[in-house]
Amino acid sequence: MSAAAPPEAAPLMDAEGFAAVSGATAAQMADLERFRVMLAERNEVMNLVGPASLPDFWSRHAWDSAQLVKLQPEARAWADLGAGAGLPGIVLAILGKGLLGFHVDLVESMTKRCKFLGEVVAELELPATVHNARAENLDLTVEIVTARACAPLHRLLGYARPYLQSGATGLFLKGQDVVSEMKEAARYWEYEADVVPSKSDPRGRIVRVKRLGRARKV
């Protein structure tokens with residue numbers, strides 16, 4: 001019996017397609033377009049995202065980030081660890097702009113990336129705060145902690161530990177190697193999680209961490 005073929009990447013999505021699946025308003029779309037332009041301009045001098053991924057911004061970056069809101073539509077306090085280029089954090093802040101009590105803490109240890117994030121937050125007047133710090137060194141109270149392309153899950157759980165053990169839910173965007181990452185994480189942590197298929201890419205997964213217990217001795 002031949003092995004099943006791996007899932008193919010999702011087809012390219014344009015702005016109209018993103019608006020249709022996300023329900024984004026005209027004002028939100030305008031902010032997202034400005035963010036897209038700023039990201040493309042700064043990416044020419046900084047390594048924020050892979051250059052080849054920019055033509056697929058609306059699916060690979062915007063929708064990949066925005067789908068998290070569909071999982072936790074009632075959440076108002078978010079933290080994005082290793083925020084980097086602002087994915088998913090900036091997208092979440094754009095979609096939450098105007099909602100009472102909505103706020104995103106953008107946590108990034110690299111100063112240059114923090115400067116970019118700060119410029120986007122200021123220009124778009126987003127409900128977000130940029131923290132030039134390591135996630136595990138901050139004392140933030142949030143409902144949801146998220147990360148994308150930040151670290152393998154066993155290390156990511158260590159970064160997110162203060163948030164998860166204070167009652168936050170983790171929503172971590174991962175790729176097709178998620179099963180091996182979760183098995184490896186189980187060597188280091190006692191945790192409860194499930195896996196949600198990505199809406200933006202059939203190869204992607206979202207690890208939803210509901211509880212993080214004690215660290216294991218390895």
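Below is a summary of the structure that appears in this document.

1. Looking at unusual backbone geometry
Excluding glycine, residues mostly have negative phi values, and the peptide bonds linking residues are mostly trans.
Next, step 1: Of the consecutive residues L87 and P88, the connecting peptide bond is found in the cis state with omega at 10°.
Next, step 2: We note that E125 has phi near 55°; this positive angle belongs to a residue other than glycine.
Next, step 3: Along the chain, the position of E125 falls in the loop between α5 (111-124) and β3 (128-132).
Next, step 4: Residue classification places E125 among the exposed residues on the basis of a relative accessible area of 64%.
Next, step 5: The phi torsion at A149 lies on the positive side, around 55°, for a residue other than glycine.

2. Things to note about the side chain of D64
Next, step 1: Locating D64 in the fold gives a position in helix α3 (residues 57-71).
Next, step 2: Side-chain polar atoms of D64 contact the side chain of S200, separated by 2.8 Å.
Next, step 3: Apart from residues no more than four positions distant in its own chain, D64 is found in contact with S59, R148, L173, S198 and S200.

3. What about helix α4 (residues 89-96)?
Next, step 1: Of all eight residues in α4, eight are buried; the element is thus mostly enclosed.
Next, step 2: Every buried residue of α4 is accounted for by G89, I90, V91, L92, A93, I94, L95 and G96.
Next, step 3: Just downstream of α4, G98 is the residue with a positive phi angle, here 95°.

4. Description of the pairing of β3
Next, step 1: Pairing of strand β2 (residues 103-108) with β3 involves five bridges; the strand directions are parallel. For E108, the partnering residue across the bridge sits in β3 and is N132.
Next, step 2: A crossover connection joins β2 to the parallel β3 through α5; in handedness this β-α-β unit is right-handed.

5. A look at the layout of surface pockets
Next, step 1: Estimated volume of the largest pocket: approximately 1,000 Å³.
Next, step 2: For the largest pocket, the lining is made up of 40 residues, of which L87, R148, A149, C150 and L173 are closest to its centre.
Next, step 3: At the level of secondary structure, the elements contributing two or more residues to the lining of the largest pocket comprise α3, β2 and β5 (169-174).
Next, step 4: Taken together, the residues of the lining of the largest pocket break down into 16 nonpolar, twelve polar and twelve charged.
Next, step 5: Considered as a void within the structure, the second largest pocket measures approximately 170 Å³ in volume.
Next, step 6: Taken together, the elements giving at least two residues each to the lining of the second largest pocket come down to α3 and α4.
Next, step 7: By residue class, the composition of the lining of the second largest pocket is nine nonpolar, five polar and two charged.

Thresholds applied
- Throughout this description, residue numbers start from 1 for each chain and increase along the sequence as written.
- Only residues with pLDDT of at least 70 are given local features in this predicted model, and only at 80 or more are side-chain atom pairs given and counted; all residues enter the totals for whole chains, interfaces and linings.
- Computation of side-chain values covers all heavy atoms of the structure but excludes hydrogens and water.
- For the purposes of this entry, the term helix denotes a DSSP run of H or I that reaches at least four residues, the term strand denotes a run of E that reaches at least two, and both are numbered from the N terminus.
- Under the scheme applied here, a residue whose accessible area is under 20% of the maximum for its type counts as buried, over 50% as exposed, and between as partly exposed, the area being computed with a 1.4 Å probe on protein chains only.
- What qualifies as a polar contact is a pair of N or O atoms within 3.5 Å, subject to a donor-acceptor requirement within protein and to the restriction that residues adjacent in sequence count only when both atoms come from side chains.
- By definition, residues are in contact when any of their heavy atoms lie within 4.5 Å.
- The pairing criterion for strands is at least two bridges between them, as found by DSSP.
- Orienting the strands away from the viewer, one traces the path from the first strand over the helix to the second; a clockwise path indicates a right-handed crossover.
- The definitions used throughout rest on a 1 Å grid laid over the protein atoms alone, on which a cavity is an enclosed set of points accommodating a 1.4 Å probe that cannot get out and a pocket is an open set flanked by protein within 12 Å on both sides along at least five of seven lines; lining residues are those having an atom within 4 Å of a point.
- Grid points are joined across faces, edges and corners, and a volume is the space filled by probe spheres set on the points.
- Classes in brief: Ala, Val, Leu, Ile, Met, Phe, Trp, Tyr, Cys and Pro nonpolar; Asp, Glu, Lys and Arg charged; the others, Gly included, polar.

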